[in-house]
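Spelled out from the first residue to the last, the chains are:
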Amino acid sequence: MRIKELFSQKPEFAEIRGWVYRIRSSGGIVFAVVRDSTGIIQVTVKKEKGEAFKNASEVSLESSVVIKGRIKVDERAPGGLELESETFEIISLAEKFPIQEDYSEEYLLDIRHIAIRARRYSNIFKIRSATFNALRDFFNEEGYYETQCPMIVTSMVEGGSAMFELNYFGKKAYLTQSSQFYLEALIYSLEQVYTIAPSFRAEKSRTPRHLTEFWHCEAEAAWVNNEEMMRFEERMVESTIGSVVDSCESELIELGRDVDFLKSIKPPFERLTYKQALKELGIGEEEEIGADEEYALTIKRKKPVFITEFPRKKGFYHRPDPEKPEVLLCHDLLFPEGYGEIIGGGERVWDKNELIERIKEFNLNEKDYEWYIDLRRYGSVPHSGFGFGIDRFVRWIAKLNHIRDTIPFPRTINRYYP
Ligand code: 4AD
Ligand code: MG
């Protein structure tokens, strides 16, 4: 039986399987705390149990064990229950566990494959899993099709310096920065599509919000404008927070997150134009809104906030506003408490000639975008989309300091092992 079920069902007898989390002995009784993926329980083994007592006396931390015994109510035990064992079988006796006191952050990252069994990580990874489930449920309800795009690509989406280059049988290829262009191709057959996949950025940014390999939830929809896409994102954020809080309330609380605050986050979300944001920050129009500025904009806010009307230089694929051509029909969604950008999206340039002009405006090579331009030749339609950084969202919802703690095996500028 799983440990969590023991506490809810309180059977008379049970068999559990797990790992030794704590161990001590006193006055002819061994006290072990055993964990599985669902929780922990105190196990007692008395001297008169013979073989069981011998095994329990010899067992080491993190050994895997199977234990049978009687469930007893005991106020002093964690959670108020304890397992009085009849048998205590060691499946694999652990060598001296390498993490027993405080070790440096770097050392723990070197032995990440072992460090991730800590309870804190079980909590975070359950929240992460719930986030993926919540997104899939939401897109399904909204009538979007899940699809898959290549990770090996030939052209850049988000700026050339941040591409990982590959040798593809003697030719140059790259790891994808975003599946956006492929999703744009798929709207002609499916209209509303999304994908959940890694994106890669060779950015030399060592910050608590950058991974070189991150999980990207991207969507694209035909006949949808920038405003409608923002509404869609509001619904997605509300629904994802709701599902994660529903399924992981105790994990969030254990991590110190205020779940009432999370529950209070409901659309509509505030909107600031880029100009208004600069004004609020008290900085000039020449300056950019980077991580520090996003922190300043969101540290005191209680809800996510959209930044809209970015200047034309933000990205070549964003559609300039026909009524205000100096700004783009795009947006970022910044998350509160200083976390900043978690979504970037908007309407795409869908007219062929306008796209070619925008490619020139950015000094890019038309030849590199041949197939992307092609999409504007055969029945192009207005469309919008966005990219949602799942790791950044998990970082925010669990209120973690560093993005690397959201993912079991983080890839950052100076680490790709284990
Ligand atoms: O703002 P970005 O670069 O936008 C795009 O890639 C668009 N092509 C997406 C689209 O419209 N389909 O990335 C989108 C989101 C960011 O808001 C952020 O949450 C996340 O992806 N992101 C990262 N997350 C972790 N580490 C990084 N290095 C990230 N770069 C972007
Ligand atoms: Mg962005």
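A short tour of the structure in this document, coming up. (Residues numbered from 1 in each chain as written. Chains lettered and ligands numbered in written order. Predicted model: local features only at pLDDT ≥ 70, side-chain atom pairs only at ≥ 80, totals over all residues. Heavy atoms only, no water.)

Looking at unusual backbone geometry
Working step 1: Cis peptide bonds are those with omega within 30 degrees of zero, and the linkage from Pro-267 to Pro-268 qualifies with 5 degrees.
Working step 2: Here Glu-62, not a glycine, exhibits a phi torsion of approximately 75 degrees, which is positive.
Working step 3: For Phe-169, which is not glycine, the phi dihedral falls at a positive 50 degrees.

Remarks on the site of ligand 1
Working step 1: Every one of the 23 residues lining ligand 1 counts as a neighbour, but Glu-158, Gln-180, Glu-218, Glu-341 and Ile-342 are closest to it.
Working step 2: Glu-158 places a polar side-chain atom, nitrogen or oxygen, 2.7 Å from a nitrogen atom of ligand 1.
Working step 3: Phe-386 is positioned such that a nitrogen or oxygen atom in its backbone is 3.3 Å from a nitrogen atom of ligand 1.
Working step 4: In the complex, the protein chains occlude 94% of the 620 Å² of accessible area that ligand 1 would expose alone.
Working step 5: Breaking the shell around ligand 1 down by element, the ones donating at least two residues are strand E11 (213–222), strand E17 (340–347) and strand E18 (383–389).
Working step 6: It is E17 that provides the largest number of residues to the shell around ligand 1, a total of four residues. (Near = heavy atom within 4 Å. Polar contact = N/O pair within 3.5 Å; in protein donor to acceptor, adjacent residues only side chain to side chain. Areas by Shrake-Rupley, 256 points an atom, 1.4 Å probe, with all protein chains shown as cover. Helix = DSSP H or I, 4+ residues; strand = E, 2+ residues; numbered from the N terminus.)

Section: the sheet that holds E18
Working step 1: What the eight strands build is an open sheet, ordered E6-E10-E11-E18-E17-E16-E13-E12; its pairing is mixed. Every other strand in the sheet has two partners, leaving strand E6 (145–146) and strand E12 (270–273) as the edge strands with one partner each.
Working step 2: In terms of strand pairing, strand E16 (residues 330–335) meets E17 through six bridges, oriented antiparallel. Within the sheet, the bridge partner assigned to Cys-330 lies in E17 and is Gly-346.
Working step 3: Sheet strands in contact with helix H6 (residues 180–190) are E6, strand E10 (192–200), E11 and E18, and its direction is about 35 degrees off that of E11.
Working step 4: Along the sheet, helix H10 (residues 291–298) contacts E12, strand E13 (305–308), E16 and E17; its crossing angle with E16, the most-contacted strand, is approximately 65 degrees. (Pairing = 2+ DSSP bridges. Contact = heavy atoms within 4.5 Å. Axes fitted to C-alpha atoms, helices over the stretch in contact; angles between N-to-C directions.)

Here's the deal with the sheet that holds strand E7 (residues 152–153)
As a general point, the strands of a sheet are linked pairwise by backbone hydrogen bonds and lie either parallel or antiparallel.
Working step 1: The antiparallel open sheet is built from three strands, whose spatial order is E7-E9-E8. Each edge of the sheet is formed by a strand with only one pairing partner; in this case those strands are E7 and strand E8 (165–168).
Working step 2: The pairing of E8 with strand E9 (residues 171–175) spans four bridges and is antiparallel. Within E9, the position partnered with Glu-165 by the bridge is Tyr-174.

What about the pattern of salt bridges?
Working step 1: Here the structure, examined in full by the defined rule, presents 37 salt bridges.
Working step 2: For Asp-391, the salt bridge is made with Arg-128, and the minimal N-O distance between the two is 2.9 Å. Note that Asp-391 is positioned in helix H13 (residues 390–397) and Arg-128 in helix H5 (residues 119–141), a separation of 263 residues in sequence. Comparing Asp-391 with Arg-128 shows no difference in burial state: the two are buried.
Working step 3: Residues Lys-399 and Glu-337 are paired through a salt bridge, measuring 3.7 Å at the closest nitrogen-oxygen approach. Note that Lys-399 is positioned in the segment after H13 and Glu-337 in the loop between E16 and E17, a separation of 62 residues in sequence.
Working step 4: The exposure class of Lys-399 is partly exposed, given its relative accessible area of 45%.
Working step 5: We classify Glu-337 as buried; its relative accessible area is 18%.
Working step 6: Connected through shared salt-bridge partners, Glu-227, Arg-231, Glu-234 and Arg-271 make up one network. (Salt bridge = Lys/Arg side-chain N within 4 Å of Asp/Glu carboxyl O. Buried < 20%, exposed > 50% of the residue type's maximum accessible area, 1.4 Å probe, protein only.)

Regarding the nonpolar core
Working step 1: Counting 48 residues, the largest nonpolar core has Phe-139, Ile-241, Phe-386, Phe-388 and Trp-396 as its most contacted members.
Working step 2: A per-element tally of this core places helix H7 (residues 226–254) first, with 10 residues.
Working step 3: Counting 21 residues, the second-largest nonpolar core is a separate cluster that includes Val-34, Ile-41, Ala-52 and Leu-83. (Core = buried A, V, L, I, M, F, W, Y, C linked by side-chain atoms within 4.5 Å.)

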